[in-house]
Amino acid sequence: MTQLPFYRHSGFQPEQPWFVLNAAQHYSLIASDNPAISHFYSFDVAQSASMTLAIPDGCVDIVFDCDAQRPAARVCGTTLEARGADMQHNHHYFGVRFAPGIIPDFLDVMAEEIPDREFNFLDVVPDARLAFEQIVQTRDFSRQIALFNAFFTPRLVRKASAVTSLIIQTMRQQKGNIRIDQLEALTGYTCRTIQRQFRQDTGMSPKAFSRILRCQSALGSIHLQQEVSFSDLAFDLGFSDQSHFLREFKKFVSTTPCDYQRRILHDAYFHRLRFH
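Residues numbered from 1 in each chain as written. Predicted model: local features only at pLDDT ≥ 70, side-chain atom pairs only at ≥ 80, totals over all residues. Heavy atoms only, no water.

Draft legend 1. Seen up close, helix H6 (residues 162-173). Taking 1.5 Å of rise per residue, 12 residues should cover 16 Å, and H6 covers 17 Å from first to last C-alpha, within 8% of that figure. All of the buried residues in H6 are Val163, Thr164, Ile167, Ile168, Thr170 and Met171. Buried residues along H6 sit against helix H7 (180-187), helix H8 (191-202) and helix H9 (206-224). Directly beyond the C-terminal end of H6, a positive phi value near 55° is found at Lys175. (Helix = DSSP H or I, 4+ residues; strand = E, 2+ residues; numbered from the N terminus. Expected span 1.5 Å × (residues − 1). Buried < 20%, exposed > 50% of the residue type's maximum accessible area, 1.4 Å probe, protein only. Contact = heavy atoms within 4.5 Å.)

The structure is reproduced here in structure tokens:
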């Protein structure tokens, strides 16, 4: 399978599988050299695409609609459950997906306002008109990435507290399978302090963030394994039982793990991906 090198060598990769499944042909990805950015992506929405869904990934995305007539760009906070994403048939999109829990410093908006919301890019990124115009006027993926980096790298990461940075790192290592009492022991802070600081830095509660990472980890396991025991997967990710895992997965991905696995095989998910 051509997807394996990307997963093995790039670490945890937050995914939006319905974007891939609704791509006209290929969905292109390039991992970023900057740890604040997970990856860049580019695709055209198929004429036959059903409603594109955004699923929780813990990330801020900046999505550029490069339509020649009505170009646009928006900043998208992570959803908290699966919901429709406003993407137009036959339009070309270029996206920047930040690493989970990272808030770009150039956004003129508080972290707590971002989850489950979208903003017009030009409304929340001061003085970004030139960058926007240059990015949407080219279809060359590498050129779009170079433009984004040139304009925004100096202001890429909003500084988070040391406790939040430690929690994000640990949660990613544990695939979201960690309890608040373990975080208290890890950091030396009380639950209340952890909750307040983490929400201030990321806009989310530690519990919401860990749930998102667990679901994303489930997707990664399904993608990597042709034969998956969902009961074993539920246990590995710390769910109380398989039914809890199935409910959570359906809420976050909008289908059951079994149906999702069938869908990615039927629609040649991995053949759509192009890693650069």
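Draft legend 2. Structural view of the packing of aromatic side chains. One pass over the structure, following the stated rule, counts 24 aromatic pairs. Judged by centre distance (6.2 Å) and plane angle (80°), the ring pair of Trp18 and Tyr260 falls under edge-to-face. With Trp18 in helix H2 (residues 17-21) and Tyr260 in helix H12 (residues 257-266), the pair connects residues that are 242 residues apart, well separated along the chain. Look at Tyr260 and you get buried, because its relative accessible area is 0%. (Phe/Tyr/Trp six-rings, centres within 6.5 Å; stacked < 30°, edge-to-face > 60°.)

Draft legend 3. Spotlight on the sheet that holds strand S1 (residues 27-31). Ordered by their spatial adjacency, seven strands build an open sheet running S8-S5-S4-S7-S2-S1-S9, and the pairing between neighbours is mixed. Among the strands making up the open sheet, the edge pair consists of strand S8 (118-120) and strand S9 (273-275). Each adjacent strand pair in this sheet contributes to an overall mean axis angle of 20°, direction not counted. Pairing geometry for S1 and S9, over three bridges, is parallel. From the neighbouring strand, Ser28 faces S9, where its bridge partner is Arg274. In this fold helix H4 (residues 129-136) packs onto strand S4 (61-65), strand S5 (72-76) and strand S7 (92-98), with an angle of close to 60° to the strand it touches most, S4. Lying over the sheet, helix H5 (residues 141-152) contacts S1, strand S2 (37-44), S4 and S7, oriented at roughly 140° with respect to S2. (Pairing = 2+ DSSP bridges. Axes fitted to C-alpha atoms, helices over the stretch in contact; angles between N-to-C directions.)

Draft legend 4. Spatial organisation of the packing of H6 against H9. Packing of H6 against H9 brings their axes to within 10 Å, and their N-to-C directions diverge by 30°. In terms of orientation, H6 lies roughly parallel with respect to H9. Every pair of crossing elements has a handedness; the one defined by H6 and H9 is right-handed. Residue-level contacts link Ile168, Met171 and Arg172 of H6 to Pro206, Phe209, Ser210 and Leu213 of H9. Considered class by class, the residues forming the contact of H6 with H9 number five nonpolar, one polar and one charged. (Parallel < 35°, antiparallel > 145°, perpendicular 65-115°, else oblique. Left-handed = near helix turned anticlockwise from the far one by under 90°. Nonpolar A, V, L, I, M, F, W, Y, C, P; charged D, E, K, R; others polar.)

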